[in-house]
Amino acid sequence: MISLLHKILRSPIAENGTVKPSEIETSQGAPVSSTLANILLNELDHELEKRGHRFVRYADAMMIFCKSKRAAERTLENLRPYIEGKLFLKINEQKTKVSHIADFELKFLGFGFWRSKEGFRSRPHQKSMAKCKLKLKELTPRSRGQSLNDFRKKLREFICGWVNYFKKASMKKFVRNTDGWLRRRIRQTY
C-alpha cells in the first residue's frame, strides 16, 4: 500500500500540454487527495472518539461540536499538539475557527447552519449562493458562441448538479429569486 501511495504521489503532472515531474504532493481537488486525507485523518477520528467528542468529517473538512465557546477553544488547543506533533499536519489558521452554530459565517462543505424550532437546519451558505449566481452569469452571456443545444446542456448540467448537491437544504427563496433572474438572462441570450 505504501509503495502504491508513493507511486501516486510521485507521478508526473500534466499542465497545459506539458508533463513535468512532481515532488511528493497532490494537487488541490485531486481524487487521491481526499483518499489520503481519509487514511491519515482516521487516526484523528479515533483520538476524538477516545476523548468523547462529537464531530463530523468529510475528507479534510471537519467540525467538532462542543457545549460552549470556551470548551471549543480548549479542545482546539488540546488537539493542536496531537495534529501537529503526532500526525505532522499543519492546521490552516485562516480556515480554523471557533464559532457558534447560529453564526452566519459558519460554513461546512458549502452549507450554512442555523437553529430553528424544529432543530438545526441547513441552507446553502451565502458564498455558495454567490458562486452559483456568478457561474450562471458566466453560462448565460449575451453573446454566446455555441449552439443552442450545447448552451441548454451546459446550463442544465450545472443547475441539476447544484440543486442535487443542496437538495436537503432550505433554499426555496433563493431558487425562486434566481429562477426569475435566470429566465430574464436566458431571454436575453435568445
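Residues numbered from 1 in each chain as written. Predicted model: local features only at pLDDT ≥ 70, side-chain atom pairs only at ≥ 80, totals over all residues. Heavy atoms only, no water.

The name recorded for the chain in an unreviewed UniProt entry is Group II intron, maturase-specific domain protein, from Parasutterella excrementihominis YIT 11859. Quoted verbatim from the Sequence similarities (unreviewed entry) field of the UniProt record, the comment on the chain reads "Belongs to the bacterial reverse transcriptase family." (UniProt positions renumbered as here; feature names shortened; annotations may be inferred.)

*Asks:* For this particular structure, what's the right way to read the environment of Ile64?
*Replies:* Take Ile64: it is sitting in strand β4 (residues 61-65). We classify Ile64 as partly exposed; its relative accessible area is 30%. Along the backbone, Ile64 and His53 are eleven residues apart, and their C-alpha atoms lie at a distance of 7.0 Å. When residues no more than four places from it in sequence are discounted, the contact partners of Ile64 are Leu48, His53, Arg54, Phe55, Thr75 and Leu79. (Helix = DSSP H or I, 4+ residues; strand = E, 2+ residues; numbered from the N terminus. Buried < 20%, exposed > 50% of the residue type's maximum accessible area, 1.4 Å probe, protein only. Contact = heavy atoms within 4.5 Å.)

*Asks:* Explain the state of the cysteines to me, please; I cannot follow it from the model alone.
*Replies:* Joining two cysteines, a disulfide is a covalent bond between their sulfur atoms. Evaluation of the coordinates by the stated rule reveals zero disulfides. Cysteine Cys132 remains unbridged, with the sulfur of Cys160 as its closest cysteine sulfur at 12 Å. Its relative accessible area of 33% is what places Cys160 among the partly exposed residues. (Disulfide = S-S within 2.5 Å.)

*Asks:* Explanation requested: the pairing of β4 in the structure shown.
*Replies:* A regular strand places its side chains on the two faces of the sheet in alternate fashion. Here strand β3 (residues 54-58) runs beside β4; their pairing, made up of five bridges, is antiparallel. Following the sheet pairing, Phe55 is matched in β4 by Ile64. The hairpin turn running from β3 into β4, its antiparallel successor, is two residues long, and Ala59 in that turn takes a positive phi close to 55 degrees. (Pairing = 2+ DSSP bridges.)

*Asks:* Got a minute to help me understand the pattern of salt bridges in this structure?
*Replies:* Pairing between side chains of opposite charge can happen when their charged atoms approach one another. In the structure shown here, the tally under the stated rule is eight salt bridges. Note that Glu47 is salt-bridged to Lys50, the shortest N-O span being 3.4 Å. Of this pair, Glu47 and Lys50 both sit in helix α2 (residues 31-51), three residues apart, which is roughly one turn of the helix. A salt bridge links Lys135 to Glu138; the nearest nitrogen and oxygen atoms lie 3.5 Å apart. Taken as a pair, Lys135 and Glu138 lie in helix α4 (residues 126-139) at a separation of three residues, close to a single helical turn. (Salt bridge = Lys/Arg side-chain N within 4 Å of Asp/Glu carboxyl O.)

*Asks:* Help me understand the nonpolar core, please; the structure alone is not making it clear to me.
*Replies:* Burial of nonpolar side chains together is a common tendency in soluble globular proteins. If you look at the biggest cluster of nonpolar residues, it comprises 15 residues, and the most contacted ones within it are Cys132, Leu136, Leu155, Phe158 and Trp162. Secondary-structure elements contributing two or more residues to this core are α4, α5 (148-165) and α6 (172-189). Excluding its chain neighbours within four sequence positions, the residues that come into contact with Cys132 are Phe158, Trp162 and Phe174. (Core = buried A, V, L, I, M, F, W, Y, C linked by side-chain atoms within 4.5 Å.)

*Asks:* I would appreciate a short explanation of the packing of α4 against α6 in the present structure.
*Replies:* Axis angle and axis distance: for two packed helices, these are the angle between their axes and the distance between the axes, and together they describe the pair. One way to put it is that α4 packs onto α6 with a least axis distance of 11 Å and a crossing angle of 15 degrees. Taken as axis vectors, α4 and α6 run roughly parallel relative to one another. α4 and α6 meet at a crossing whose hand is right-handed. Seen from α4, the contacting residues are Met129, Cys132, Lys133, Leu136 and Lys137; seen from α6, they are Phe174, Thr178, Trp181, Leu182 and Arg185. Residue composition of the contact of α4 with α6, by class: six nonpolar, one polar and three charged. (Axes fitted to C-alpha atoms, helices over the stretch in contact; angles between N-to-C directions. Parallel < 35°, antiparallel > 145°, perpendicular 65-115°, else oblique. Left-handed = near helix turned anticlockwise from the far one by under 90°. Nonpolar A, V, L, I, M, F, W, Y, C, P; charged D, E, K, R; others polar.)

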